[in-house]
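# Coordinates in review
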Amino acid sequence: MRRCAAVLVLLLASGCASTEDKPPRSSPGAGRSELTVYSGRTEDLIRPIIERFEKQSGIKVKVRYGDTAALASTLLEEGDRSPADVFLAQDAGALGAVSERGLFANLPASVVDRVPQRFRSRDGSWVGLSGRARVAVYNKQQLPDAEVPESALDLTGPKWKGKVGWAPTNGSFQAFVTYLRKLQGDDRARTWLQAMKANEAKAYQNNIAIVKAVAAGEIPIGLVNHYYLLELSREDPSISEKAANKFFSKSPGSLVNVAGAGVLKTSKRRDDAVKLLEFLLSDDGQGYFATKTFEYPLVASVKPDAKLPAIDSIQSPDVDLSDLKDLQGTLALLRETGVL
C-alpha cells in the first residue's frame, strides 16, 4: 500500500496532461464490446453486483482489480490512452486526484442527484456509492463504554500507552490524517501523530487485523472503519460479544468518507458507463452495499443496517471530500513524524 501510494504521489508531483471533454479519435477501447472497469474494491465484493448488472442490462463488464491508489496512478499515467471506462475507488481522495487531472467526464443529473451534495464532487465529476465512518473498536470485557474516549485526539494520554491499535499504511487511516490536516492544520496533525507514536500506538497491517486483535484481547482499543466489526461478526458471532464500535462525538468526530466512482472522459462507452453508475445507485445496488458490507447507502430510500446509527447523527464535520486528495502532504507528514 505504501509503495502504491508513493507511486501515486510521484505521478501527481510530475503532473499529467488533461484530456479534452470528448473521446479521442482512436483509443484502446475503440470497438470493444464490453465495459472496462478499474476497481479499487475487491473482487469478492464487487463481482456479485457487477454480475447482477450484466444480467439486468445485457452489458458485459471486464474488471481490473487492484489497490485504489495504484489504479489511480495508472489512470494518471495512461491519460487519454486508458482503456478504462469507469473507476471504482475505495476513497474520495483517489477520486479527487483523478478528477483534478481532468480525466473524468461530468456525470448526468440521473447520477449526481441521487446522492447528497456532501458525498459527491462539487463539479459533478464523481459520486459516492457508499459511506464509511471512522470509529474506535474496543474490547467490551476490558474497557467499559463510558471509558472509551469521545475523540481520537484523546488517545495520547498515559492511560493509553501501548494500548491503541492503528494502521498507518492503510488508505482509510491516511485519509483521516488528511482530514485532520484540513480541519485543524498541519501543526495540530503533526502534534497528534508525534504523541501517538510516543505513546507506543501499535501498528497493524489493516483494519481487519485491528478488530481481530481487539476481540482477542491483545489490545483494548483501535482505530478502524465501522463496518469491519459487523463483517467479521457475521462470520463469527462471538466477535460481537467481545467487541463494539464507538462513534466519536467530539472533534474531529467520526469522518464519513465514501467509496465512489467516476466515468473517464476517454470512454467510448460512456452511456453504458453511466448505466452502471445508475444501477449502483439504484435501490437494488444500494441495498447490496447496505447488506453485503454494512456500509451506509447514500440514497435516502435505502436504509442502513439496523445496528448502525443514522448517518446524519454521526458527528462528522462538514468537510469537502474532494479536499482529501492531498496524499502527498499526508505521506510527507507521516514520514516526518516517523509513523511511516
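What you see is a predicted model, and the numbers here were worked out from it, not measured in a lab.

This part is about the packing of aromatic side chains. Two descriptors summarise a pair of aromatic rings, namely the distance from one centre to the other and the angle between the planes of the rings. In total, this model carries 7 aromatic pairs according to the counting rule given. Here the aromatic rings of phenylalanine 53 and phenylalanine 279 are separated by 5.6 Å at their centres, their planes lie at 50°, and the arrangement is tilted. With phenylalanine 53 in helix α2 (residues 43–57) and phenylalanine 279 in helix α11 (residues 270–280), this residue pair connects regions lying 226 residues apart in the sequence. Each member of the pair, phenylalanine 53 as well as phenylalanine 279, carries the same accessibility label: buried.

It is worth spelling out the pattern of salt bridges at this point. For side chains of opposite charge, pairing can occur when their charged atoms come near one another. Following the criterion strictly, the structure yields 20 salt bridges and no others. The residue lysine 159 makes a salt bridge to glutamate 147 at a minimum N-O spacing of 3.4 Å. Remark: glutamate 147 occurs in the loop between β4 (127–139) and β5 (164–166) and lysine 159 occurs in the loop between β4 and β5; sequence separation between them is 12 residues. Classification of glutamate 147 as partly exposed rests on a relative accessible area of 39%.

With 91% of its residues at a pLDDT of at least 70, the protein reaches an overall mean of 89. Within the model, pLDDT remains below 50 along residues 1–30, and this stretch shows 67 contacts once partners closer than five positions in the same chain are excluded.

On to the packing of helix α8 (residues 207–215) against helix α9 (residues 227–235), then. To characterise two packed helices, one gives the angle between the axes of the helices and the distance between these axes. Contact geometry for α8 and α9: axes closest at 10 Å, N-to-C directions at 65°. Judged by the angle between their axes, α8 and α9 are roughly perpendicular. The two elements α8 and α9 meet at a crossing, and its hand is right-handed. Facing Asn207, Ile208, Val211 and Lys212 of α8, the residues of α9 in contact are Tyr228, Leu229 and Leu232. Residue composition of the contact of α8 with α9, by class: 5 nonpolar, 1 polar and 1 charged.

On to the nonpolar core, then. Counting residues in each nonpolar core, the largest one holds 107 residues, and the members touching the most others are Val86, Phe87, Val127, Trp192, Leu193, Ile221 and Leu321. Setting aside its immediate chain neighbours within four residues, leucine 193 contacts Trp166, Phe173, Val177, Leu333, Leu334, Thr337 and Val339.

Quick look at the packing of helix α7 (residues 186–198) against helix α13 (residues 327–336) now. Interhelical geometry of α7 versus α13 gives an angle of 40° and a closest axis separation of 10 Å. The angle between α7 and α13 places the two elements in the oblique class. Along this stretch, α7 crosses α13, giving a crossing that reads as right-handed. In contact with Asp186, Ala189, Arg190 and Leu193 of α7, α13 contributes Leu333, Leu334 and Glu336. Classifying every residue of the contact of α7 with α13 by side-chain character gives 4 nonpolar, no polar and 3 charged.

This part covers the side chain of asparagine 257. Looking at the secondary structure, you find asparagine 257 in strand β9 (residues 256–263). Judged by relative accessible area, which is 7%, asparagine 257 ranks as buried. Within the structure, the side chain of asparagine 257 is placed 3.4 Å from the backbone nitrogen of alanine 92, a separation counted as a polar contact. Ignoring anything within four residues of it in the chain, the contact list for asparagine 257 reads Asp91, Ala92, Ser130, Gly131, Arg132, Ala175, Leu321 and Leu324.

This part takes up the pairing of strand β8 (residues 243–246). With burial as the criterion, each face of β8 is covered, one bearing Ala243 and Asn245 and the other bearing Ala244 and Lys246. Bridge analysis of β4 against β8 gives 4 bridges, and the strand direction is antiparallel. Note on β8: the bridge partner recorded for asparagine 139 is alanine 243.

Scoring rules and cut-offs
Within every chain, residues take consecutive numbers counted from 1 along the sequence as written. Note on the predicted model: pLDDT of at least 70 is required for a residue's local features to be given, and 80 or more for side-chain atom pairs to be given and counted; whole-chain, interface and lining totals, by contrast, use all residues. Calculation of side-chain values draws on the structure's entire complement of heavy atoms; hydrogens and water are dropped beforehand. Pairing of aromatic side chains requires ring centres within 6.5 Å, counting the rings of Phe and Tyr and the six-membered ring of Trp. Pairs whose planes differ by under 30 degrees are stacked, by over 60 edge-to-face, and all others tilted. In this text, helices come from DSSP runs of H or I with a minimum length of four residues, and strands from runs of E with a minimum of two, each type numbered from the N-terminal end. Throughout this description, buried means an accessible area under 20% of the type-specific maximum (1.4 Å probe, protein chains only), exposed means over 50%, and partly exposed covers the range between. We define a salt bridge as a side-chain nitrogen of Lys or Arg found within 4 Å of a carboxyl oxygen belonging to Asp or Glu. Confidence per residue, as judged by the predictor, is encoded in pLDDT with a range of 0 to 100. Contacts are residue-level and defined by heavy atoms, with any inter-residue pair within 4.5 Å sufficient. Between N-to-C directions, angles cover 0 to 180 degrees, with each direction set by a line fitted to C-alpha atoms, over the stretch in contact for helices. Should an angle fall under 35 degrees it is taken as roughly parallel, and over 145 as roughly antiparallel, whereas 65 to 115 is taken as roughly perpendicular and any remaining angle as oblique. Handedness of a crossing follows from how the near helix is turned relative to the far one, being left-handed for an anticlockwise turn of less than a right angle and right-handed for a clockwise one. Charged means Asp, Glu, Lys or Arg here, nonpolar means Ala, Val, Leu, Ile, Met, Phe, Trp, Tyr, Cys or Pro, and polar covers whatever is left, Gly included. Buried Ala, Val, Leu, Ile, Met, Phe, Trp, Tyr and Cys residues form a nonpolar core when they are joined through side-chain atoms within 4.5 Å. Between N or O atoms, a polar contact is any pair within 3.5 Å; within protein, one atom must be a potential hydrogen donor and the other a potential acceptor, and residues adjacent in sequence are included only when both atoms are from side chains. Paired strands are those between which DSSP finds at least two bridges.

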